[in-house]
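Next come the chains, spelled out residue by residue.
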Number of protein chains: 2
Amino acid sequence: MREDQDSIDPRAEDTLTVREEDGAISDAFRGAVQAAIEARDVDRLKALTIPLHEADMGDLLEALDADERRRLIELLGPDFDFTALTELDETVRVQILHAISPRIAARGISALDSDDAVYILEDLDEDHKAAILEHLPAPERVALLRSLDYPEESAGRRMQTEFIAVPPFWTVGRTIDYLRETADLPDTFYEVFVVDPGYRLIGAVALDRLLRAKRPVLMTAVKKDQLHVVKASEDQEEVARMFEHYNLVSAPVVDDAGRLVGVVTIDDVVDVIQEEADEDLRALAGVGSDEELSDTVGYISRSRLPWLVVNLGTAFISASIIALFENTIEKMVALAVLMPIVASMGGNAGNQTMTVAVRALATKDLGSHNARRVVSREVLVGLINGLVLATALGAIAAFWFSSAQLGAVISSALVLNMLAAGLFGILIPLAISRLKLDPAVASGVFVTMVTDAVGFFAFLGLATWWFSLT
Amino acid sequence: MREDQDSIDPRAEDTLTVREEDGAISDAFRGAVQAAIEARDVDRLKALTIPLHEADMGDLLEALDADERRRLIELLGPDFDFTALTELDETVRVQILHAISPRIAARGISALDSDDAVYILEDLDEDHKAAILEHLPAPERVALLRSLDYPEESAGRRMQTEFIAVPPFWTVGRTIDYLRETADLPDTFYEVFVVDPGYRLIGAVALDRLLRAKRPVLMTAVKKDQLHVVKASEDQEEVARMFEHYNLVSAPVVDDAGRLVGVVTIDDVVDVIQEEADEDLRALAGVGSDEELSDTVGYISRSRLPWLVVNLGTAFISASIIALFENTIEKMVALAVLMPIVASMGGNAGNQTMTVAVRALATKDLGSHNARRVVSREVLVGLINGLVLATALGAIAAFWFSSAQLGAVISSALVLNMLAAGLFGILIPLAISRLKLDPAVASGVFVTMVTDAVGFFAFLGLATWWFSLT
């Protein structure tokens, strides 16, 4: 019977694939979940969703509509793992937390590691946050409030306050026994910390070292040679850089008094690295760093508009430079045809240099120690590529408008603009970073402004001078 | 005596800081190392460099000149840890390996974990690689050749072939005893694998689970519920995505027959994530993904030229569109002054949309399941921002050239171009990714081509039509 049913119903569990080829949640699976929500079939829902990894559950939630999300969470009750919420776009997460009652939210959040709980709470407005925290047991509430007290994007926000710390006189054997006998250990951990009675950090022991050591050995004898410690107030990007640099998997977090208050783990750091690279990329294109695929049209329009307005301003600067040469253009329309080429080639070359500079500054590969060398390199690259491209551009322009002189003028203008592109493509990000601002955000406008201005001015100016002479 | 000397010589060890504020190797430290190399003072060199982390040693090597690098490595002899070479730019690494003898290189490489050894060897040309491999003991040579046989950027290249695997009938206690008694374990490990007699993977046990379990428990009873396995031939980006998605720290690698052949760890994956984001960023700016700060001017010029040549081609397309309207421009030079504004605004808006699309495609947030929704969203955003900016631009242009009609023409052209920017800014990357090509590499050219063409054509075409009517 059961077998027959299976082969008839294509939605039976055993034939359902959760994901399509391209990684999206499959229509069949989403359909099965929606049907179960509709039918309020809790057993079926549990069978479908409990085996899911939190990341898959997150994708499923994103594939459902707002009302289905709420009903799914309410139907699953305590079987819904709130960790899935950390996998969602902020917009969707906030929407869900608004849809469910603060009591249900508090119950779910209290089952999480503190870093996940903070991650979920930090985007909410103050009232909503307070309403949820109110339903948490006092010790948990206090711990979360303490984490939330650290500045945004600091290690204190990203750390997990659950960790394992033992006194320095403990042996490996005693530590292992303690781990075996203690029930409420953190979900995952990669090192055991050694602390003094004041909870000041003495050292850290990696689990593989712990497992390799004999039982009577003291914990202090197997601790790491080099201890990489994070301050709770430290910026998360600094923490990420340290993890990358020293290939860390977890690192202890201490407060200003040097007391161990938490641990940052690599999974959170990976998110930071990803976010940071994304921010640079978006900033270079003038897109807000918090824009998400699930944002509304209105939000996105507003967030992209400022950059376009700034560009409108710089475009007018270029236009006024062109306006200086109206008489020349009137006499020789070919100039209007060719002038965007000089500006656009300079813009592209400037953008290449600037992108390399912005990333090198972000990864600290570029600094005062090598700035001079990199600047002269970029200028030379601009000169060489300028000469190569000017030859081609000059020849084509001369041929097109049957004027060797026009070819000579546009070639010279291009070389000048490529030099400017190399020089300002690196100097502008360097200057912005010296001012302690983010070069990714503002460099683009200035570099384009320079290459447009130099491009139009050099070409039209040279043409005016040359053709009034001959 | 010693104390006096210390207080007189500011370069004495205890006062030397390795790094400046900005993270670069300090001049004082580099100077001390250079002096010790010059004086062939091996003891001093060891005292200075052996306490360094491999990442710091890498930065020190980059701060020295080519000859000093070779002499430092030769003077340190077996005390030089070749892991530092994995922290270098490719150019510097290859230069060092060419400078030292293949025998010294082989001795250094043989002390490394296999993933680091492969990482160092893979960039060398075949002859040089063979010369080094020749000096390695046969078993190591065979293992490295096997890893090098996997395609570039595959999991097989990134995996470490040292791992710990135990049979399924072993208990937790027996496994821990084995770890305590075996001398040549991998340097670091995060899980122990369970395999059948044919080395086929049965499960993985995280070290924290191992430590929490009682000694008599079977290894198969504490293995992870969900096993995330990597195929050796899999692309490293796929592996990175899996690590991010499931918050992994290490994952087993199997060959086509399902046999365990290695393990990929998070430190290698972090490098891949970083590289991948960097590649997208550079590709969008038309910079080669392998360009490094230490490359020569000639190399960089050559690598950036192709993109500039392509842009020269598209710039000529725009120029020929402008050439269609030479007569109109001759009659009304204001058009030449204003036309770059329409093109450049469209280019910026197109770039915003395209950047968001390229990243969303890379992270698989954008796919066939939501393409339609995102396309209509981008078109709407283009329309809304187009209307807002067109009002401003139209008013300024009308005022500048005292012509309400010119204002109306430029406004309409801008709205059209912003719509085109939204539409093609998303459709072009989607189409390129559907063709299984990298949208980051080619989207930029096409999007700029469209926004330039539409910008010039719409503005000059509308003007021709409008002003010939009135």
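Predicted model, so just to flag it, every value in this text is computed and none were measured.

A. Structural view of the relation of the copies chain A and chain B. Superposing chain A onto chain B takes a rotation of 180° plus a shift of 0.0 Å along the axis, which leaves an RMSD of 0.1 Å. Classification of the inter-copy transformation places it as that of a two-fold axis. Taken as a fraction of all interface residues of chain A, those also at the interface in chain B reach 100%, which identifies the copy contact as same-surface.

B. Molecular detail of the pattern of salt bridges. All names here are of chain A. As enumerated under the stated definition, the model contains 40 salt bridges over all chains in all. As a salt-bridge pair, Lys46 and Asp79 come within 2.9 Å of each other at their nearest N and O atoms. Within this pair, whereas Lys46 is found in helix α3 (residues 42–49), its partner Asp79 is found in the loop between α5 (66–76) and α6 (90–99), the two being separated by 33 residues in sequence. By relative accessible area, which is 28% here, Lys46 ends up partly exposed. On the accessibility criterion, Asp79 (38% relative accessible area) is partly exposed. Linking Asp196 and Arg200 is a salt bridge whose minimum nitrogen-to-oxygen distance equals 3.4 Å. The exposure class assigned to Arg200 is partly exposed, which follows from its relative accessible area of 41%. Bridged by salt links that share partners, the residues Glu38, Asp67, Arg70, Arg71 and Glu74 form one connected network.

C. Seen up close, the packing of helix α4 (residues 54–63) of chain B against helix α5 (residues 66–76) of chain B. Residue and element names in this part refer to chain B. The geometry of α4 relative to α5 is characterised by a closest axis approach of 9 Å and an angle of 135° between their N-to-C directions. Classed by the angle they form, the pair α4 and α5 counts as oblique. Residue-level inspection shows Met57, Leu60, Leu61 and Glu62 of α4 in contact with α5, the latter providing Arg69, Leu72 and Leu76. The class makeup of the residues in the contact of α4 with α5 is five nonpolar, no polar and two charged.

D. The arrangement of the sheet that holds strand β6 (residues 260–265) of chain B in detail. Residue and element names in this part refer to chain B. Taken together, the three strands give an open sheet; going across it, the order is β4-β5-β6, and neighbouring strands pair in mixed fashion. Unpaired on one side and paired on the other, β4 (230–231) and β6 mark the two borders of the sheet. Sheet topology places strand β5 (residues 250–254) next to β6; five bridges connect them, and they run antiparallel. Paired with Val253 across the strands is Gly262, a residue of β6.

E. Region of interest: the interface of chain A and chain B. Contacts between the two partners involve 112 residues from chain A and, on the opposite side, 114 residues from chain B. For the pair chain A and chain B, the summed buried area comes to about 9,800 Å², and 65% of that belongs to carbon and sulfur atoms. Of all residues in chain A, the largest losses of buried area upon contact with chain B belong to Arg180, Leu211 and Leu293 of chain A, amounting jointly to 9% of the total for that side. Its salt-bridge partner being Arg359 of chain A, residue Asp278 of chain B comes within 2.5 Å of it at the nearest N-O pair. In this structure, the connection of chain A to chain B is made through 31 residue pairs in polar contact (both at pLDDT 80 or more). Of the residues assigned to the side of chain A that touches chain B, the class counts are 61 nonpolar, 21 polar and 30 charged.

F. Just the side chain of Asp278 of chain A, in detail. Tracing the backbone through its elements, the reader meets Asp278 of chain A in helix α15 (residues 266–285). Within the structure, Asp278 of chain A has its side chain in polar contact with the side chain of Arg359 of chain B (distance 2.6 Å).

G. Structural view of the side chain of Asp89 of chain B. With respect to the secondary-structure elements, Asp89 of chain B resides in the loop between α5 and α6 (90–99). Look at Asp89 of chain B: it is buried, it has no salt bridge, and the nearest opposite charge is Arg373 of chain A at 7.1 Å. The residues contacting Asp89 of chain B, other than those within four sequence positions of it, are Glu62, Glu292, Leu293 and Ser294 of chain B.

Criteria and cut-off values
Residues numbered from 1 in each chain as written. Chains lettered and ligands numbered in written order. Predicted model: local features only at pLDDT ≥ 70, side-chain atom pairs only at ≥ 80, totals over all residues. Heavy atoms only, no water. Least-squares fit on C-alpha atoms with pLDDT ≥ 70 in both. Contact = heavy atoms within 4.5 Å. Salt bridge = Lys/Arg side-chain N within 4 Å of Asp/Glu carboxyl O. Helix = DSSP H or I, 4+ residues; strand = E, 2+ residues; numbered from the N terminus. Buried < 20%, exposed > 50% of the residue type's maximum accessible area, 1.4 Å probe, protein only. Axes fitted to C-alpha atoms, helices over the stretch in contact; angles between N-to-C directions. Parallel < 35°, antiparallel > 145°, perpendicular 65-115°, else oblique. Nonpolar A, V, L, I, M, F, W, Y, C, P; charged D, E, K, R; others polar. Pairing = 2+ DSSP bridges. Buried area = accessible area lost by both parts, 1.4 Å probe. Polar contact = N/O pair within 3.5 Å; in protein donor to acceptor, adjacent residues only side chain to side chain. Lys, Arg positive; Asp, Glu negative; His and termini not counted.

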